[in-house]
Amino acid sequence: HGLAREEWPRAWHERELRPSYDAVIIGGGVHGLATAYYLARDHGMRDVAVLDRAYIGSGGSGRNTAILRSNYLTPEGVRFYDRSVKLYEHLAADLNFNVMFSQRGHLTLAHNDASLRTMHWRTEVNKLQGVDSEVIGPDRIKELVPYLDTSEDTRYPILGALYHPPGGIVRHDAVVWGYARGADAHGVHIHQQTEVTGIDVERGRVTGVQTTRGRIATPVVLNATAGWASLISDMAGVAMPVQTSPLQAAVTEPVRPFLDTVVVSGTLHVYVSQTDRGELVFGASVDPFASYSMRGSLEFSEGIAGHVLELMPALHRMRLLRQWAGLCDMTPDYSPIMGPTPVEGFYVDVGWGTYGFKAGPVSGEAMAACLAHGKPPEIIAAFGLDRFGDGRLVGEKGAAAVGH
Ligand code: PYC
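Residues numbered from 1 in each chain as written. Predicted model: local features only at pLDDT ≥ 70, side-chain atom pairs only at ≥ 80, totals over all residues. Heavy atoms only, no water.

Participant: Whenever I open this one, the overall build of the protein chain confuses me. Can you help?
Facilitator: Each helix and strand counted, the protein chain has 10 helices and 19 strands in total. Over its C-alpha trace the protein chain gives a radius of gyration of 21 Å, about what one expects of a compact globule, namely 22 Å for 404 residues. For the protein chain, buried positions account for 56% of its 404 residues. Residue pairs in contact within the protein chain that sit at least 24 positions apart in sequence constitute 76% of those at least 6 positions apart. Side chains of the protein chain give 36 positive and 44 negative charges; the mean places of these two sets differ by 3 Å. (Helix = DSSP H or I, 4+ residues; strand = E, 2+ residues; numbered from the N terminus. Rg over C-alpha atoms; globule rule 2.2 N^0.38 Å. Buried < 20%, exposed > 50% of the residue type's maximum accessible area, 1.4 Å probe, protein only. Contact = heavy atoms within 4.5 Å. Lys, Arg positive; Asp, Glu negative; His and termini not counted. Charge placed at Lys NZ, Arg CZ, Asp CG, Glu CD.)

In structure tokens:
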């Protein structure tokens, strides 16, 4: 028989805030929670606190458009995101929590020769890394997405697409909740409503964090705060080459299923997918200014509606249900910054721009190894902060998301 709602067991618990922990993770999004989960599960580090100034998943993890893919441009990027897709494939079983991963395929449309060339480039890099991607033409695109206007008399005719069958969408909240429950079950403390106001550094090493609920002593701090990454890193005296901009998204009323793949158009600055509830989820590129504002704008909804209708004119009677914005911590090369910093014990998992959600599992796994052993594992070796000094950038702009 069913339990009354009040009797449902809590998925994770409110614990007493301890005065010290072996490690403190700032940011209760998918990256922070996944790191805590793998730290406890794979490395036996259980005296760990995850702090969030609001509630878990309230930042980018609850505001993204839930797209997963690994069809990047650089070998480093493809390997990294492919590991994430692989972890997502087994996540529901690992966490015993249905995360509703639907590998429905992902299409990035090319509307001009330059993007077609980039799609071919990405296909070859993907194949060399064992990732399933191919360039397909308008006829095959029409078969996959009959509602798409593939005719030649549009403003930006569709010349082809990068088709990536393993890509898809997942239930983003479930990923957050599943990792929270898993971390909690391994003994990790999750403290919501606990804002970090300072980071204590003595003689070049971290000794603790100041919070709105008091000081916590710790030798290890991870900054996993995405949009707020540079503000938190500043507290430790570590400057980040990051600029924060909003990215807006919107969802329509639900309709019967008709869109089986994820469709992205860089030229039209839009991506579209249909959720299991039938809503269409629309996203754009980042707003063209730096800001911490998370308010939606009329300019965005007008723009997105126009662009979606250029792709799928039949949608002209659908209504937008709501819109929102998230914050993107953009780096100069559109790749993340992961690993140690010049302050001993202070680690970063930041610079997630418009591509952070999909990387949650692999980032958690890799940052857990990094915190446990004090050095980055091979899979994130290319993403260190020092690359901006050395000039070894990992240029992913051509595959990061839509045009920026
Ligand atoms: O990287 O696939 C992506 C993406 C989708 C929306 C924003 N970024």
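Participant: When you look at the pattern of salt bridges in this model, what are you seeing that I'm missing?
Facilitator: Think of it this way: side chains of opposite charge can pair up when their charged atoms draw near. A complete count under the given rule lists 17 salt bridges for this structure. The salt bridge partner of Asp47 is Arg18, with a shortest N-O separation of 2.6 Å. Of this pair, Asp47 sits in the loop between helix H1 (30-43) and strand E2 (48-51) while Arg18 sits in the segment before strand E1 (23-26), placing them 29 residues apart in sequence. With a closest N to O distance of 2.7 Å, Glu310 and Arg155 form a salt bridge. You can see Glu310 sitting in helix H8 (residues 298-311) and its partner Arg155 sitting in the loop between helix H5 (138-144) and strand E6 (160-164), a full 155 residues away along the chain. A relative accessible area of 25% means that Glu310 is categorised as partly exposed. (Salt bridge = Lys/Arg side-chain N within 4 Å of Asp/Glu carboxyl O.)

Participant: Sorry, what's going on with the pairing of strand E11 (residues 214-217) here?
Facilitator: Moving residue by residue along a regular strand, the side chains alternate between the two faces of the sheet. Bridge analysis of strand E10 (residues 205-211) against E11 gives four bridges, and the strand direction is antiparallel. Its bridge partner lying in E11, Gly208 is registered against Ala217. (Pairing = 2+ DSSP bridges.)

Participant: Which parts of the structure should I look at to understand the side chain of Thr225?
Facilitator: As for its position among the elements, Thr225 is in the loop between strand E12 (221-223) and helix H7 (229-235). Dropping the residues within four chain positions of it, Thr225 is found in contact with Ile26, Gly27 and Ile232.

Participant: Just to check I follow, could you spell out the site of the ligand for this structure?
Facilitator: Surrounding the ligand, one finds nine residues, the nearest of these being Arg69, Tyr271, Thr354, Lys358 and Ala400. The separation between an oxygen atom of the ligand and a polar side-chain atom of Arg69 is 2.6 Å. A breakdown of the residues in the shell around the ligand according to their chemical character gives five nonpolar, two polar and two charged. (Near = heavy atom within 4 Å. Polar contact = N/O pair within 3.5 Å; in protein donor to acceptor, adjacent residues only side chain to side chain. Nonpolar A, V, L, I, M, F, W, Y, C, P; charged D, E, K, R; others polar.)

Participant: Is there a simple way to think about the confidence of the model for the protein chain in this case?
Facilitator: Keep in mind that low pLDDT regions are not for reading the predicted coordinates in detail. When the pLDDT values of the protein chain are averaged, the result is 97; 99% of them are 70 or greater. The ipTM for the predicted assembly is 0.95, set against a pTM of 0.97. (pLDDT = per-residue confidence, 0-100.)

Participant: Where do I start with the sheet that holds E10 in this structure?
Facilitator: The three strands are arranged E9-E10-E11 in an open sheet whose pairing can be described as antiparallel. Sheet topology places strand E9 (196-202) and E11 at the edges, where each strand pairs with a single neighbour. Each adjacent strand pair in this sheet contributes to an overall mean axis angle of 25 degrees, direction not counted. Pairing analysis gives six bridges linking E9 to E10, with the strands arranged antiparallel. Each bridged residue has a counterpart across the sheet, and for Asp200 the counterpart in E10 is Gly208. (Axes fitted to C-alpha atoms, helices over the stretch in contact; angles between N-to-C directions.)

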